[in-house]
Every structure is written in structure tokens, then in C-alpha cells.
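Chain and residue survey
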Amino acid sequence: QVQLVESGGGLVQAGGSLRLSCAASGRTFSSYSMGWFRQAPWKEREFVGVIKWSGESTYYADSVKGRFTISRDNAKNTVTLQMNSLKPEDTAVYYCAASFRLLPGPYGATRYDYWGQGTQVTVSS
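About the thresholds
Residues numbered from 1 in each chain as written. Predicted model: local features only at pLDDT ≥ 70, side-chain atom pairs only at ≥ 80, totals over all residues. Heavy atoms only, no water. Buried < 20%, exposed > 50% of the residue type's maximum accessible area, 1.4 Å probe, protein only. Helix = DSSP H or I, 4+ residues; strand = E, 2+ residues; numbered from the N terminus. Pairing = 2+ DSSP bridges. Polar contact = N/O pair within 3.5 Å; in protein donor to acceptor, adjacent residues only side chain to side chain. Contact = heavy atoms within 4.5 Å. Axes fitted to C-alpha atoms, helices over the stretch in contact; angles between N-to-C directions. Phe/Tyr/Trp six-rings, centres within 6.5 Å; stacked < 30°, edge-to-face > 60°.

This part covers the pairing of strand β4 (residues 32-39). Most of β4 sits out of view: seven of its eight residues are buried. As judged from the eight bridges shared by β4 and strand β9 (residues 92-100), these two strands associate in the antiparallel manner. Looking at the pairing, F37 lines up with Y95 of β9. Pairing geometry for β4 and strand β5 (residues 46-51), over five bridges, is antiparallel. Bridge pairing in β5 links M34 to I51. In this antiparallel pair of consecutive strands, β4 and β5, the connection spans six residues, and W42 shows a positive phi of 65°.

Written out as C-alpha cells, the structure is:
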């Protein structure tokens, strides 16, 4: 069982940065690949990126590649989403999710076993 809690959301102007964190409970955090998803009003949940359980590789959606960076600290059971050059279209609720030994790739939400409650990110123009 893995419990996830996101933090760090808020309101930022276009071009600005935000850093989201996801704290995980459980002693097996280092066995889970950690993904980030987002969901805007009236839209489906969208894959943002994922980091391998070991931290050695990542995969990003084209829409955020070069602007967002995922990192993790297995000693502290945390994963971070650094978001730079934010755009109004990045506005959404952001979720972290865990998947046991999932190789990084553009997999949908059904491949993830555990989810956080989400944190709101709003980018004003």
C-alpha cells in the first residue's frame, strides 16, 4: 500500500515556475515508478511525465518536454515536478501516481495503482 500527498500548487503568472511535491508513505516507494498527471475542467486526465523507480530515466509528454522536470529522492520518499515557463494551458489539477515497476512511457491512468488527492495549478495570462 502506498499513500500519496501532493503539495505546492498555486497561482502563477504565465512564464513563471512552480514546484510540486509528492510525499509517499510505505517502505516500498523505491519499487514504484512515479507519474504525474493533470486534469483540466471538462477534460480527461492527461499524462504529464513519469520517473522510473530507480530514478535513472524519465519520460515526458510532448506538451511539457523541455519545460517540466521530474526528480525523486528515494531516501525521503518524495517525487518532485519542477514546472518552468508555465502557460495558461497548463492550468489543471495535478496528481501524482505510483505504479509498481512500470517502465517509463506514455501510459494512461489505468496503469497506475495509487493516486494522490491532487493539487490545483492555475496559470494566469
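All right, on to the side chain of K52 then. For K52, the position within the fold is in the loop between β5 and β6 (58-60). In this structure K52 comes out as buried when scored by relative accessible area, which is 13%. A polar atom in the side chain of K52 sits 2.6 Å from the side chain of E56. With sequence-adjacent residues up to four places away left out, K52 is seen in contact with S33, S57, R72, L103 and P104.

Okay, the sheet that holds strand β8 (residues 78-83) next. Within the open sheet, the four strands sit side by side as β1-β3-β8-β7. Their pairing is antiparallel. Strands with a single pairing partner mark the edges of an open sheet, and in this sheet they are β1 (4-7) and β7 (68-73). Pairwise comparison of adjacent strand axes, ignoring direction, gives a mean angle of 15° for this sheet. Pairing of β7 with β8, which is carried by six bridges, proceeds in the antiparallel orientation. Residue R72 lies in a different strand from β8, and its bridge partner there is V79.

Moving on: the packing of aromatic side chains. Applying the stated criterion to the full structure yields eight aromatic pairs. Between F37 and Y112, the ring centres sit 5.0 Å apart and the planes meet at 80°, which makes this aromatic pair edge-to-face. Note that F37 is positioned in strand β4 and Y112 in the loop between β9 and β10 (114-115), a separation of 75 residues in sequence. Like F37, the residue Y112 is buried in the burial classification. Centroid distance F47 to Y59: 6.2 Å. Interplanar angle 40°. Geometry classified as tilted. Of this pair, F47 sits in strand β5 while Y59 sits in strand β6, placing them 12 residues apart in sequence.

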